[in-house]
Each structure stands twice: as structure tokens, then as C-alpha cells.
Amino acid sequence: MQQENTLADLFGEPIYSYTRQNAIDDGVLIDVTEASKEAGFSIPVAVTSTVWDQYIEWTEEDSERQTYQDQSGRLWDVLWMARMGISGGNKDKSQIMFQLDCVPRAPASKARMARLTTLKMHIGPGDDHQPVITIMLPNED
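The sections below set out a description of the structure shown in this document. Predicted model, so just to flag it, every value in this text is computed and none were measured.

### Looking at the overall build of the protein chain
If you tally the helices and strands in the protein chain, you get 6 helices and 5 strands. Secondary structure elements of the protein chain occur, N-terminal to C-terminal, as α-α-β-α-β-α-α-α-β-β-β. In summary, the protein chain has a C-alpha radius of gyration of 18 Å against a globular reference of 14 Å for 141 residues, an excess of more than 25%. Overall, the C-alpha framework of the protein chain stretches about 70 × 35 × 25 Å when taken along its three principal axes.

Spelled out as C-alpha cells, the structure:
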């Protein structure tokens with residue numbers, strides 16, 4: 001029986017790798033797995049820091065400057081609409097685009113009305129090759 005060569009056998013050990021956990025530790029990704037369970041997700045979910053900053057994070061100052069909202073409600077909206085994207089017949093795709101109405105957050109913004117926003121959900125292997133979900137802007141990867 002012939003033994004299969006691994007990538008390490010063929011190319012040597014990697015010089016460096018950046019894992020999903022590294023990205024979470026560095027703040028590039030924000031782990032929202034616990035909250036995602038309420039929306040029906042059964043695998044780990046993270047959002048990019050850009051999605052967090054623009055569409056989830058919300059402070060008292062944001063409520064005073066723009067309109068009253070709360071961060072947990074904004075997170076729920078993103079997760080629920082992502083879940084609906086899966087339920088919408090896209091189950092076999094590794095990338096699913098979904099939309100939600102959201103008041104964009106920006107330090108200088110005075111926007112008070114929700115805008116239709118498109119986000120992308122990527123389903124792929126995590127650090128241990130288990131399935132994970134990452135929610136990001138359409139131009140992120």
C-alpha cells in the first residue's frame with residue numbers, strides 16, 4: 001500500500017500561518033457565536049471588525065447623535081437576516097449575500113434612517129477544519 005504524501009512532506013513546514021483564532025485575538029474578527037445560537041446557528045460565527053464597527057456597535061453617544069438603538073438589537077438583526085439568507089434556498093453555497101435595513105454608524109454621521117445594506121456570509125473550514133461562518137462586507141474576503 002502506497003503512503004500518501006502530505007503538503008509538509010512535499011513543501012516542508014509552513015513558515016507562518018495566521019489562524020482564525022489569531023484574527024479573533026487581534027480584533028480582526030469578533031466572535032459572536034453565543035449570540036448566534038439564539039438565531040439558530042449551530043456552528044461558530046464571527047463578524048469582521050468592519051461589520052462590527054459599521055453595523056453592530058452602538059453607544060449612548062450614537063443614540064444621542066443619530067437615533068436610539070441598542071447594540072444587542074443590531075447584532076440580532078445582522079444574525080437573523082444572515083440566518084434567513086441560509087433559509088432562502090442558498091444552502092449549497094459557501095458564500096451567501098443577504099440584506100438588512102440598518103442605520104449606518106459613523107463617528108461623524110447624523111444618519112437617522114435605515115438604509116438597505118448588503119452583507120456577505122462565508123461558510124468554510126475553521127482552524128481545525130470544522131465549518132465556521134464569517135459575516136463580512138461584500139468586498140471583504
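### A closer look at the sheet that holds strand S5 (residues 131-136)
Overall, mixed pairing links the 5 strands, which are arranged S1-S2-S5-S4-S3 in an open sheet. In the strand order of this sheet, the two ends are held by strand S1 (29-31) and strand S3 (95-102), each with one partner. Across the sheet, the mean angle separating the axes of adjacent strands is 30° when strand polarity is ignored. With respect to the sheet, helix H4 (residues 49-56) is in contact with S1, strand S2 (45-48), S3, strand S4 (115-125) and S5, its orientation differing from that of S2 by roughly 80°. Most of the contacts of helix H6 (residues 71-87) go to S3, to which it runs at about 140°, and overall it touches S2, S3, S4 and S5.

### Let's talk about H6
Note: α-helices contain 3.6 residues per turn, so residues at a spacing of three or four share the same orientation. In a regular helix each residue adds 1.5 Å, so 17 residues correspond to 24 Å; H6 covers 24 Å between its end C-alpha atoms and thus fits that length. Restricting attention to buried positions, one finds in H6 the residues Arg74, Leu75, Val78, Leu79, Ala82, Gly85 and Ile86. Angularly, the buried residues of H6 cover 130° about the axis, an arc narrow enough to put them on a single face. On its buried face, H6 is in contact with helix H3 (33-38), S2, H4, S3, S4 and S5.

### A few points about the packing of aromatic side chains
Between two aromatic rings, the relevant description is the distance of the centres plus the angle of the planes. The full count for this structure, using the stated rule, is 1 aromatic pair. Aromatic side chains Trp76 and Trp80 sit 5.5 Å apart centroid to centroid with 15° between the ring planes, which places their arrangement in the stacked category. Of the two residues, Trp76 and Trp80 both sit in helix H6, 4 residues apart, roughly one turn of that helix.

### Regarding the nonpolar core
Ranked by size, the top nonpolar core spans 23 residues in total, and within it Phe41, Leu79, Phe98, Leu119, Met121 and Ile135 carry the most contacts. Among the secondary structure elements, those contributing two or more residues to this core are S2, H4, H6, S3, S4 and S5. Apart from the residues within four sequence positions on either side, Met121 is in contact with Phe41, Ala82, Ile86, Ser94, Gln95, Ile96, Phe98, Ile133, Thr134 and Ile135.

### What about the environment of Ile43?
Residue position: Ile43 is located in the loop between H3 and S2. Classification of Ile43 by relative accessible area gives partly exposed; the value is 22%.

### Side note on the pattern of salt bridges
Applying the stated criterion across every chain, the model contains 2 salt bridges. Of the charged contacts, one joins Lys37 and Glu34 as a salt bridge, the two residues approaching to 3.1 Å between their closest N and O atoms. Of the two residues, Lys37 and Glu34 are both situated in helix H3; the distance of 3 residues between them amounts to about one turn of the helix. Residue class for Glu34 comes out exposed when judged on its relative accessible area of 57%. Put simply, Arg105 and Glu57 hold a salt bridge, and the shortest N to O gap is 3.7 Å. Taken together, the residues Arg105 in the loop between S3 and S4 and Glu57 in the loop between H4 and helix H5 (60-65) connect sequence positions 48 residues apart.

Criteria and cut-off values
Residues numbered from 1 in each chain as written. Predicted model: local features only at pLDDT ≥ 70, side-chain atom pairs only at ≥ 80, totals over all residues. Heavy atoms only, no water. Helix = DSSP H or I, 4+ residues; strand = E, 2+ residues; numbered from the N terminus. Rg over C-alpha atoms; globule rule 2.2 N^0.38 Å. Pairing = 2+ DSSP bridges. Axes fitted to C-alpha atoms, helices over the stretch in contact; angles between N-to-C directions. Contact = heavy atoms within 4.5 Å. Expected span 1.5 Å × (residues − 1). Buried < 20%, exposed > 50% of the residue type's maximum accessible area, 1.4 Å probe, protein only. Arc of directions from axis to C-beta. Phe/Tyr/Trp six-rings, centres within 6.5 Å; stacked < 30°, edge-to-face > 60°. Core = buried A, V, L, I, M, F, W, Y, C linked by side-chain atoms within 4.5 Å. Salt bridge = Lys/Arg side-chain N within 4 Å of Asp/Glu carboxyl O.

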